[in-house]
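What follows is the residue order along each chain.
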Amino acid sequence: VTLTAQEQELAAVRRELWGHPGIPTIGINTGCSPTLPHKKLTIDGHRRLLQILQNHPVLNKRPIVLLGGPEDTLRNEAIAKDFNVIQSPTTRGLRDGLASTAAVDLVFTGDSLGMHMAIGVQKWVVAWFGPSCEQEIDLYERGRKIQTKAPCSPCWKRVCDKPVMCYDQVDFKQVADALLEG
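A brief look at the structure comes next.

### Considering the packing of helix H4 (residues 94-103) against helix H5 (residues 113-120)
- Closest axis-to-axis distance for the H4/H5 pair is 9 Å, and the angle between their directions is 60 degrees. With respect to each other, H4 and H5 are oriented oblique. Crossing of H4 against H5: the hand is right-handed. In this structure, H4 contributes Leu-94, Gly-97, Leu-98 and Thr-101 to the contact, and H5 contributes Leu-113, Met-117 and Ala-118.
- For the contact of H4 with H5, the class distribution of residues is 5 nonpolar, 2 polar and no charged.

### A look at unusual backbone geometry
- Here the bond from Ser-153 into Pro-154 is cis, since omega is -5 degrees, no more than 30 degrees from zero.
- Positionally, Pro-154 belongs in the loop between strand E6 (143-147) and helix H6 (172-181).
- For Glu-141, which is not glycine, the phi dihedral falls at a positive 60 degrees.
- Relative to the elements of secondary structure, Glu-141 occurs in the loop between strand E5 (124-129) and E6.
- Classification of Glu-141 as exposed rests on a relative accessible area of 79%.
- Notably, Trp-156 is not glycine yet its phi reads approximately 60 degrees, a positive angle.
- With respect to the secondary-structure elements, Trp-156 resides in the loop between E6 and H6.

### Remarks on the sheet that holds strand E4 (residues 106-110)
- With parallel pairing, 6 strands are arranged side by side in an open sheet as E3-E2-E1-E4-E5-E6. Among the strands making up the open sheet, the edge pair consists of strand E3 (86-87) and E6.

### Quick word on the packing of helix H2 (residues 43-55) against helix H3 (residues 73-80)
- In the contact formed by H2 and H3, the axes pass within 9 Å of each other and the chain directions differ by 45 degrees. Taken together, the axes of H2 and H3 are oblique relative to one another. Viewed along their axes, H2 and H3 form a crossing whose handedness is right-handed. Listed contacts from H3 to Ile-43, His-46, Arg-47 and Leu-50 of H2 are Arg-75, Ala-78, Ile-79 and Ala-80.
- Each residue belonging to the contact of H2 with H3 can be placed in one class, and the counts come to 5 nonpolar, 1 polar and 2 charged.

Each value, and the rule that gives it
Each chain carries its own residue numbering, running from 1 in the written order of its sequence. Since the coordinates come from a predicted model, pLDDT governs what is reported: local features require at least 70, and pairs of side-chain atoms require 80 or more to be given and counted, while whole-chain, interface and lining totals use all residues. Hydrogens and water molecules were not included; the side-chain quantities draw on all heavy atoms of the structure. Between N-to-C directions, angles span 0 to 180 degrees; the directions come from axes that are lines fitted to C-alpha atoms, helices contributing only their stretch in contact. Put simply, DSSP marks the helices as runs of H or I at least four residues long and the strands as runs of E at least two long, and each gets a number from the N terminus on. These descriptions rest on fixed angle ranges, namely under 35 degrees for roughly parallel, over 145 for roughly antiparallel, 65 to 115 for roughly perpendicular, and the rest for oblique. Each helix crossing is assigned a hand: it is left-handed if the near helix lies turned anticlockwise from the far helix by less than a right angle, otherwise right-handed if that turn is clockwise. Any two residues whose heavy atoms approach within 4.5 Å at even a single point are treated as in contact. Following the grouping adopted for this structure description, the nonpolar residues are Ala, Val, Leu, Ile, Met, Phe, Trp, Tyr, Cys and Pro, the charged ones are Asp, Glu, Lys and Arg, and the polar ones are all others, Gly among them. Each residue gets one of three labels from its accessible area relative to the maximum for its type: buried under 20%, exposed over 50%, partly exposed in between, using a 1.4 Å probe on protein chains only. Between any two strands, at least two bridges found by DSSP are needed for them to pair.

So far we have only geometry, and geometry alone does not tell us how the molecule works.
Following this line, the structure appears as structure tokens:
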């Protein structure tokens, strides 16, 4: 993906605004398409992940930016409540979201447009997979894939009635370890 000069400048401004010199910034893509809604963690799942990251002896020093689209605005507000995180703009369009993705150093995401954007701007990507197949995605040696522990994965189901969902079976220790690699 090629950013325009204006988008590169916007990404640089956000990188400076959101980050700290010499410390990688973590972007967390919180959304996904409504077609397969189980490709994203719940609000509580994202909050558990934030708690783990902010209590981690190394990752707790890294700024965290919540990424997403217009449908994620209220979600991100709920996820961010009482946490020291940055909420990226979510209502300014796809190219603005691409600039936000370019402004961070690493991205945690489900298998979603946000993952493809992060791959496209060559970020370190930690992607989790539940309803979809990790074998279909190439991270180009810039990231790690984390498969849910759900035995039914991948299923490609749009609706699921399992008592414990695949997004509740993502190993956040694996996520933290993979983020440390980036």
